[in-house]
Every structure is written in structure tokens, then in C-alpha cells.
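Coordinate analysis (summary)
These are the residues of each chain, in order.
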Amino acid sequence: MAGTVPLYVPRPQKNVSSPAATESAAVKWILITAAGLVLFWLIALPLIVVLTEALKKGWDVYLAALTDPDARSALRLTLLVAVITVPLNTLFGVSAAWAVTKFRFRGKGFLITLIDLPFAVSPVIGGLIFVLVFGAHGWFGPWLSAHDIKIVFALPGIILATLFVTFPFVARELIPLMEDQGTQEEEAAITLGARGWQVFFRVTLPNIKWGLLYGIILCNARAMGEFGAVSVVSGHIRGETNTLPLHVEILYNEYQFSASFAVASLLLLLALVTMIMKSWLSRKNVH
């Protein structure tokens, strides 16, 4: 019909594949093989060596190393430190993430910087800080000695050092998650009459539960495997202030290689349990 404008019918566009998807099969398998070799060399091979050396002299030597009184004491101390530090860091992480993501206040950037500080500071420096503060010649050393309070070279110092190196893990898992979720659901709950704790337990916590569990697992793994900061504040008192990583070092320095690798295999077992739980949570979160 004259004067009419023909309708424009767009042509269907072809699917444009990403450059990575157009690579040849040879390139794909070369990359996969290279990654597998790196993982085998840096991760799998050391684990195999640990297990091989641990069982090199037989099961009797292996079990004797694990049932040694010093090894059992180190295991108890490691678990005790984890039992104390992980709940405290969980409480701090949830509180910090809640404050950072749900409120506006001055100094928020500074608070985030403090949370990230243990990631930037060497664990050895973190342990040295507590020695300079609570040691015999530290800021509070004379006062602590006068009141017969022992922090450095005792359980409180180990707990403080472990808290320092592990407290960012829970907060750092929750902050991005809670930022993505926003505050709409909490605001709606408040509008409907819910109070602070009701909002947290019925709205916020169900939304962050998998991220929270993931952060707790990572925090627990770091707490049980921490060496640097704990080494500085522990004093290496055998049977009293040695955790499992410190006990491994002592045995190795004494040329008790089979015993040291046996105790190291126990740490490896704890790490594997942690990784299995992490993988399970990741699949659970996806589904």
C-alpha cells in the first residue's frame, strides 16, 4: 500500500561463541594436562610423600607416634584452641558483616581495613605483637607478673594469636554475600512488625547459612593448622604449649622423621575432612 512503512523484521543472530570455546581440542587438553601436572607436583605429590614416610617403618611406629603423650597433648591443645577461637570468630564475623552491610556510619572503610589486616600482616609479626604487649618486658608485662597472670607462653597467648590470624575468615565470607542480598527483606520484615533478633533469625540467617558454614570451616582449618603466630607466643613447651604443627616441627628437628610425618598425617586427615565438608556445602548451596 502506498505511503506505508515496511515493518523491519530483524534477522536471527547467530550464536557467537567465546574465544575460549573455539579453541581446538589439542589446546584444551594441553591446558588441562598442564594444570593437572602443576596440581600433582605442588599438592598431590607432597601428600603422597607424607603418607609414605609416615608408614615407612610400619604401623607399630605410626601408632606409637600418634599415641605418644606429647602427641596426644598437642592434639588436645589444637582442638581446644579451635573450639574456643572458632565460635568467637563466628560471633565477630556475623556482627561485623551485619554492621558493614546493614548500616551506614563513619569509619566503615576503616573497619573493613582492620578486618583485612591479618591477611596483609605476617603471622609471625602478629605473634610478635602479643609478645611486645603481654610479654615479661612488654607494655602490660610487669602488671601481669605482679598479679600472677600468664598470657605469653601459655594457653591465653595461643588463643589470642590464633584469634588474630583467623578472625577475617567468617566476616570476609559474609560481607560480599550480605551486600548482594541488600536490605529489602529485612526492611519488609521490620515493616511487618518484626524486631531485631526476629529479623536476624528468620530472615538474615536463612539467607547466609551456607556462607556462614563455609566461613566457619575455613576458620577452623586455619586455627588447627596455624604455625607462625602460635610458634612465637607458645614458648614450645613440650606437652603444654605445643600444638600439632609445632609438635611436627620439634620431631623433625630431632630427626624423628617417621614420627613427625605420622603426626603430620593427622593434620592431613583433618584437612581432608575440612575439604570434604567444604565440597559438600558447595554442592548443597548450588542445589
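Residues numbered from 1 in each chain as written. Predicted model: local features only at pLDDT ≥ 70, side-chain atom pairs only at ≥ 80, totals over all residues. Heavy atoms only, no water.

It is worth spelling out the confidence of the model for the protein at this point. Taken as a whole, the protein shows an average pLDDT of 84; of its residues, 90% reach a score of 70 or greater. Per-residue pLDDT, averaged within each element of the protein, yields its smallest value for helix 9 (residues 184–191) (79) and its largest for helix 7 (residues 155–166) (94). The low-confidence segment residues 1–9, where pLDDT is below 50, has 0 contacts with residues more than four positions distant or belonging to other chains. (pLDDT = per-residue confidence, 0-100. Helix = DSSP H or I, 4+ residues; strand = E, 2+ residues; numbered from the N terminus. Contact = heavy atoms within 4.5 Å.)

What follows deals with the UniProt feature "domain: ABC transmembrane type-1" (unreviewed entry) in the protein. Per the UniProt record, "domain: ABC transmembrane type-1" (unreviewed entry) is annotated on residues 75–278. When the span residues 75–278 is considered, its composition is 79% helix and 0% strand, and the gap between its end C-alpha atoms is 22 Å. (UniProt positions renumbered as here; feature names shortened; annotations may be inferred.)

Another point: the UniProt feature "transmembrane region" (unreviewed entry) in the protein. The positions that UniProt labels "transmembrane region" (unreviewed entry) are, in the present scheme, residues 29–55, 75–98, 110–139, 151–171 and 257–277. Along residues 29–55 one finds 96% helix and 0% strand; the C-alpha atoms at either end are 35 Å apart. Each end of residues 110–139 is marked by a C-alpha atom, and these two atoms are 25 Å apart; helix forms 77% of the span and strand 0%.

With that settled, the discussion passes to the packing of aromatic side chains. One pair of aromatic rings is described through two measures. These are the centre distance and the angle between the planes. The full count for this structure, using the stated rule, is 11 aromatic pairs. Seen in terms of ring centroids, F134 and F140 are 6.1 Å apart; in terms of plane orientation they differ by 25 degrees. Their pairing is stacked. Relative accessible area serves as the criterion here: at 23%, F134 is assigned to the partly exposed category. In this structure F140 comes out as partly exposed when scored by relative accessible area, which is 42%. One aromatic cluster is present, built from ring pairs that chain together F130, F134, F140 and F164. (Phe/Tyr/Trp six-rings, centres within 6.5 Å; stacked < 30°, edge-to-face > 60°. Buried < 20%, exposed > 50% of the residue type's maximum accessible area, 1.4 Å probe, protein only.)

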